[in-house]
Every structure is written in C-alpha cells, then in structure tokens.
Amino acid sequence: MKSGENAKNIIEVTDLLKKFGDFTAVNNISFSVKQGEMFAFLGPNGAGKTTTIKMLTTLLNPTSGKILLNNLNPSEKKNEARKSFGIVFQDHSLDDDLTAYENMEFHGVFYGVPKKIRKERIESLLKFVELWDRKDDFVKNFSGGMKRRLEIARGLIHHPKILFLDEPTLGLDPQTRNHIWDYIKKLNEEEGMTVFLTTHYMNEAEKISDSVAIIDHGKIMKQGTPAELKKSTKTDNLEDAFLKLTGHAIRDESASSADAFRNHARMWRGKK
Amino acid sequence: MSEGSPVYIMWLRQVKQYLRSKGRIIGSLGQPILFLVALGFGFGHIYAQSTGGNFIDFLAPGIIAMSILFTAMFAGIGVIWDRQFGFLKETLVSPVSRFKIMWGRTLGGATTALLQGIIVLLITLAIGFRPSLVYLPLAFVFMALISILFTSLGTALASRMEDMQAFPLVMNFIIMPVFFLSGALFPLDTAPNTLKIISYFNPLTYGVDGIRGALTGVSHFGLLLDFGVNVVLAGIVLLIGSRMFSKIQI
C-alpha cells in the first residue's frame, strides 16, 4: 500500500544506541516508518539489523535512545507493545512436536484472542497460507516453506498493526519466495498492515517495498524510496545502490565478533 | 486455570509432548525397575534378617521418589531445547508475563513427573509392594509436591544454561547426591549421625519420608513436618525459579 504523504509514523526511532561491552552494535540510529508502509531494513551481515529488531520487539533493552512503536515505548510498556506487533523470526520458532493447528491455538491463547474469534481466524489464516488441509499434521513433517508460511499465519492471529519479518524468505526456493511475498503484499494492501522486513534479496526488496533504510556498521547510511536511493547513488538497481553504499568487503568478521561480545556479556551477567 | 489461559495452554503443551513421546515414558522406566530388582531382591534377605521387615516395602517409596526426581529435574531441559529450536522466543515476545510462562512450564513438567511416579508405583505393586491404600491420596500429595519442587529447580537451572551438553552433567551432579543421601535406600533411624545430619539438609529426604509414611505408616519425621517442609520448599524454589526465568535473555 502506498502510504499518503501525511500518513502518521507508526515506528519512530531516535538516537538508538546498543552496546555489548565495548562493542557498539547499533550506533545512534534514527529513522521512522509510516503507517501502512512496506519498509525494508537492509544491511550486510552483522550490520545491526537483528539487534535493532530485537530492541523494537522488546527482546533487548536499548543502551540509550528512544523508540516509539504504535505510540508506546517498548522497553516501558512491554506487554502493550507486544500486542501491537507480530513477528516472524529469522530462524525457526515453531514447536515441531505440535501440529500446525496446535501451534496456532497456542499463539492465540497467549495473545488473549477470545475462543470464537480464535477459531475463525485460525481457519481463515491457515486457508490463506494454504495449509488448512495439513492443519493436523505435526510441524516436524513440514518443509521449510510450509514452516515459514505457518509462522507468518501465526504472527497474524492477534491482528497486529505491525508485522516484523526478519529474512522471511531465507533458504527458500524462488517459487516459495514469490509466494510468500505475494501473501505479504496482499496483507499489506488489503489490511493496511505496516510491514517491517529485512532481506538479503535486493531485487525482492526493490519490488515490494515503499521505503528502504540501509544500515551498516550500526549506522543508517541512507533512507528513502527505492527510486530515491537509486537516483542518489546513480545506479539502476537496488543491489548496486546497496553495494555502493556498503562496499564490497565480506562481513562475516563483524558478525562473529559481535556474537563473541554478546556471549561474553551474557556469560558475565550469568555469573554475577 | 481456564481453558483460554496461557498457564493452561503451556501446561497442555508440556503434557502433550510427554504423552506423545512413548520412548521417553518407557525409557525412563528402565532405571527404577533396575533399582527395584537389583536392590530390592539383592538386599532383601539382609534387610529381613536385621530388621525383620520387607525391604521392597521400604524401598518402593524411595524408588517412586527417585523416578519423580529424575523426570522433574530433566523437565528443565525443555527450556534449553526451546531455546535451541527457537520456540522460547515465541513465548518471550508474547504479552504474557514470564512468571506465568514459568508456572505453566513447571506445572506441565510436574504433571509428567507425577505421572511417571504413578507408573512406577504400579510397577512396585506388581513386584510385590503392599502399601496401605487408605492414605494413597496423601502419598499423591507428597508426590505432587516433590514434582513441583524439583521441576522448578530444574527449570530455574536450565534458564541460566545455554549448553545442551552441560545440562545432563550438571543435573547428574546434583541428582545423584540428592538421591543417595535422602534415605530412599536406607533407613535414617539406624544411619550414622554424619549421614543423618547431611540428609536433614536434603529436600528430597522429607519427600521420601512423606511418601513412605503415607504408604507404609513408617515415617522418620512425622507426616506433618514432612508436609510443612515440602510446601515451604516448593514455594520458595518456585518463586526463585520464576525470578531466574523472568531474567532469561535470548
């Protein structure tokens, strides 16, 4: 959904900072997302995307800075903020030993969706992601694409205002990837739901997003529409724009050192 | 606990996982059966000669407590499992307080430990244990209390651990002394003083004594003290465990 010029901001991030020990994972970033927008948050591995998403979704408290999510501060009003978004994590988060339906039911109860509405929504969502005929199968028997579709459906049971998708198409074949973007686009257009996504597939981001922010080394390099980004970097596709802004060096190093710092911090906290 | 409550659905999940895993149920019966047969029949004569009693009657409550101890402590591994396979995130990002998540988990794990204890009780009956069934409900109360006590302990420890391999090692490090020094295998009345004193500081001692008192009428401390100690300990560990679980980091 193309949001109007004066649509209000549903996410506002100001001077957000996150440090793990001496390591700065997110360095004073500011950006905003308009209501009803498809927002792509792009960056190389270890750039700070997942850390930012964790702070937006109450899993981590920022070192400093301010977040407003649906007009709520997620580190103060955790539970209210949690009701206003749904999330599909980068890695698997289903219970494999439960059936598809039971996973949906669990989520519905946890988010306080009343029984009757829960039943209706689970049915319509499972039909939407074309898993209704597999509802009583154990998740462990599902393929990667089916699990992803189920996770997306699950994230929607409580009708969130914002849907966070951390690399929803990672490791899937092109058919499934297209399929999943179709679902997401449809939700965005029909329900007016704000979508906050990360992906490494630049062509996909270019095709579906209204607005893009590129993050690297914990800093926002650029924010704008895909067209604006291409224009300002004098490139003709988002992938080239991305490479021009973030360089060609491989980033596995920074990811693993960030992880090492996190583990250290965790270890010390645990020992105290 | 209504049908739509998070504590209930968390409990239901734990119990479903247990009932669906036939291997887990059957596999964890091996150890109690081994103890019952090897110790019960092996030492039976010596015990009968020195005390005039039936060793199976003495041993059975201890083995029931043992199976509960093991199942309950290992229920904690679910936290590490869920962390590894991502489901923990799904619960921690939800608008449900972590206390409730912990309670649902603990009640679920405790239920499976209690079921395991009941299965072992049935096995002891088959082997020749003849308890007085009048106080059976009271024995269930003690079984439930130690189930809750040790499930919250296991869950609390697991919420501070990320290493799947370390968990069983740490657990065995705790479980073995707790089991052997609890009076599950030998009568405290005639034990040397040092051993006796150590066992007084062992939470399982009061659980074993309570179950034994209810089923056979022979108790070292008296059922009231056993009950009091178990209730207080279960409450304290559940509270501390909830606090530890609520601080969990992803």
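Quick caveat: nothing in here was measured; it's all calculated off a predicted structure.

## So, the overall build of chain B
For chain B, the helix and strand inventory stands at 12 helices and zero strands. For chain B, the spread of C-alpha atoms along the principal axes amounts to about 60 × 35 × 35 Å. Residues classed as buried in chain B amount to 47% of the 250 residues present. Sequence-distant contacts, at least 24 apart, represent 80% of the contacts inside chain B between residues at least 6 apart.

## Focus: the confidence of the model for chain B
Caution applies to low-pLDDT regions: their predicted coordinates should not be interpreted in detail. Counting all residues, the mean pLDDT for chain B is 91, and 99% of those residues have values of 70 or more. For this predicted complex, the interface score ipTM comes out at 0.88, alongside a pTM of 0.87.

## Side note on the sheet that holds strand S1 (residues 9–20) of chain A
Residue and element names in this part refer to chain A. The strand order across the open sheet formed by three strands is S2-S1-S4, and the pairing between neighbours is antiparallel. Of all the strands in the sheet, the pair left with one neighbour each is strand S2 (23–34) and strand S4 (64–69). Taking each pair of neighbouring strands and ignoring which way they run, the sheet shows an average axis angle of 15°. As judged from the five bridges shared by S1 and S4, these two strands associate in the antiparallel manner. Its bridge partner lying in S4, Val 13 is registered against Ile 67. In the packing of helix H1 (residues 49–56) onto the sheet, contacts are made with S1, S2 and S4, and the angle to S1 comes to roughly 120°.

## A word on helix H12 (residues 223–246) of chain B
Every α-helix carries 3.6 residues per turn, so stepping three or four residues along brings you back to the same face. All names here are of chain B. Compared with the 34 Å implied by 1.5 Å per residue over 24 residues, the 34 Å span of H12 between its first and last C-alpha is a close match. Every buried residue of H12 is accounted for by Asp 226, Asn 230, Leu 233, Ala 234, Val 237, Leu 238, Gly 241, Ser 242 and Phe 245. Close packing links the buried residues of H12 with helix H7 (98–127), helix H8 (136–159) and helix H11 (203–216).

## Topic: the interface of chain A and chain B
Interfaces are often sized by the amount of accessible area the parts lose when they come together. Contact with chain A, which involves 23 residues of that partner, is made by 20 residues of chain B. Of all the secondary-structure elements, those providing two or more residues to the side of chain A that touches chain B are helix H2 (78–83), helix H3 (100–110) and helix H10 (252–271) of chain A. Residue composition of the side of chain A that touches chain B, by class: nine nonpolar, six polar and eight charged.

## Remarks on the sheet that holds strand S7 (residues 194–198) of chain A
Residues and elements named next belong to chain A. Taken together, the six strands give an open sheet; going across it, the order is S5-S6-S7-S3-S8-S9, and neighbouring strands pair in mixed fashion. At either end of the open sheet lies a strand with only one pairing partner, and these are strand S5 (85–88) and strand S9 (219–224). The sheet shows a mean angle of 15° between the axes of neighbouring strands, direction not considered. Bridging between strand S3 (residues 38–42) and strand S8 (residues 211–216) involves four bridges; their strand directions are parallel. Counterpart to Phe 39 in the pairing with S8 is Ser 211. Sheet contacts for helix H8 (residues 226–233): S8 and S9; angle to S9, the most-contacted strand, approximately 110°.

## Comments concerning the packing of helix H1 (residues 6–20) of chain B against H7 of chain B
Residues and elements named next belong to chain B. Closest axis-to-axis distance for the H1/H7 pair is 7 Å, and the angle between their directions is 35°. In terms of crossing hand, the pair formed by H1 and H7 is right-handed. Every residue of H7 that contacts H1 at Pro 6, Val 7, Met 10, Trp 11, Arg 13, Gln 14, Val 15 and Tyr 18 is listed here: Lys 100, Ile 101, Trp 103, Gly 104, Arg 105, Leu 107, Gly 108, Gly 109, Thr 111 and Thr 112. For the contact of H1 with H7, the class distribution of residues is nine nonpolar, six polar and three charged.

## Concerning the environment of Thr 216 of chain B
Residue and element names in this part refer to chain B. In this structure, Thr 216 sits in helix H11. Take Thr 216: there are 20 C-beta atoms within 10 Å of it, and that puts it in the buried class. Sequence spacing of Thr 216 and Ile 240 is 24 residues, and the spatial spacing of their C-alpha atoms is 33 Å.

## Focus: unusual backbone geometry
All names here are of chain A. Residue Asp 15 is not a glycine yet carries a positive backbone phi of 50°. Here Asp 15 shows up in strand S1. You will see that His 159, though not glycine, has its phi angle at about 50°, which is positive. For His 159, the position within the fold is in the loop between helix H5 (144–154) and strand S6 (162–166).

## Thoughts on the nonpolar core
Residue and element names in this part refer to chain B. In terms of nonpolar packing, the biggest core is built from 132 residues, with Ala 65 and Leu 69 touching the most fellow members. Counting residues per element, this core draws most heavily on helix H4 (residues 55–75), which supplies 14 residues. Apart from the residues within four sequence positions on either side, Ala 65 is in contact with Ile 146, Ala 184, Leu 204, Gly 207, Val 208 and Ile 211.

## Quick notes on the environment of Lys 222 of chain A
Residues and elements named next belong to chain A. Looking at the secondary structure, you find Lys 222 in strand S9. Among the residues examined, Lys 222 registers 19 C-beta atoms within 10 Å and is labelled partly exposed. Between the C-alpha atom of Lys 222 and that of Leu 125, which follows or precedes it by 97 residues, the distance is 36 Å.

## Focus: the pairing of S6 of chain A
All names here are of chain A. Burial analysis of S6 places five of its five residues in the buried class, the great majority of the element. In S6, alternate side chains face the same way, and those of Ile 162, Phe 164 and Asp 166 on one face and Leu 163 and Leu 165 on the other are all buried. As paired strands, S5 and S6 are joined by four bridges and run parallel to one another. Each residue of the ladder has a partner; that of Ile 87, found in S6, is Phe 164. Pairing between S6 and S7: five bridges, direction parallel. Looking across to S7, one finds that Ile 162 is bridged to Thr 194. With respect to chirality, the unit in which S6 leads through helix H6 (residues 174–191) into the neighbouring parallel S7 is right-handed.

About the thresholds
Per chain, the residues get numbers from 1 upward, laid out in the order the sequence is written. Here every chain gets a letter starting at A, and every ligand a number starting at 1, in the order they are written. Totals for whole chains, interfaces and linings use all residues, but because this is a predicted model, local features are given only for residues with pLDDT of at least 70 and pairs of side-chain atoms are given and counted only at 80 or more. The secondary structure listing takes helices from DSSP runs of H or I that are at least 4 residues long and strands from runs of E that are at least 2 residues long, numbered from the N terminus. Our exposure labels follow a C-beta count within 10 Å of each residue's own C-beta, placed from the backbone: buried means 20 or more other C-beta atoms, exposed means 12 or fewer, and partly exposed covers the counts in between. Placing C-beta atoms from the backbone, we regard two residues as in contact once those atoms come within 7 Å. Values of pLDDT, ranging from 0 to 100, describe the predictor's confidence in every residue of the model. At least two DSSP bridges between two strands are required for those strands to pair. Working convention: axes come from line fits to C-alpha atoms, limited for helices to the stretch in contact. Angles between N-to-C directions cover 0 to 180 degrees. Multiplying one less than the number of residues by 1.5 Å gives the expected span of a helix. Three classes are used: nonpolar for Ala, Val, Leu, Ile, Met, Phe, Trp, Tyr, Cys and Pro, charged for Asp, Glu, Lys and Arg, and polar for all others, with Gly counted as polar. Handedness of a crossing is defined here by the sense of rotation of the near helix relative to the far one, left-handed for an anticlockwise turn of less than a right angle and right-handed for a clockwise turn. Structurally, a nonpolar core is described as a collection of buried Ala, Val, Leu, Ile, Met, Phe, Trp, Tyr and Cys residues joined by way of C-beta atoms within 7 Å. Look down the strands so they point away from you; if going from the first strand over the helix to the second traces a clockwise path, that crossover is right-handed.

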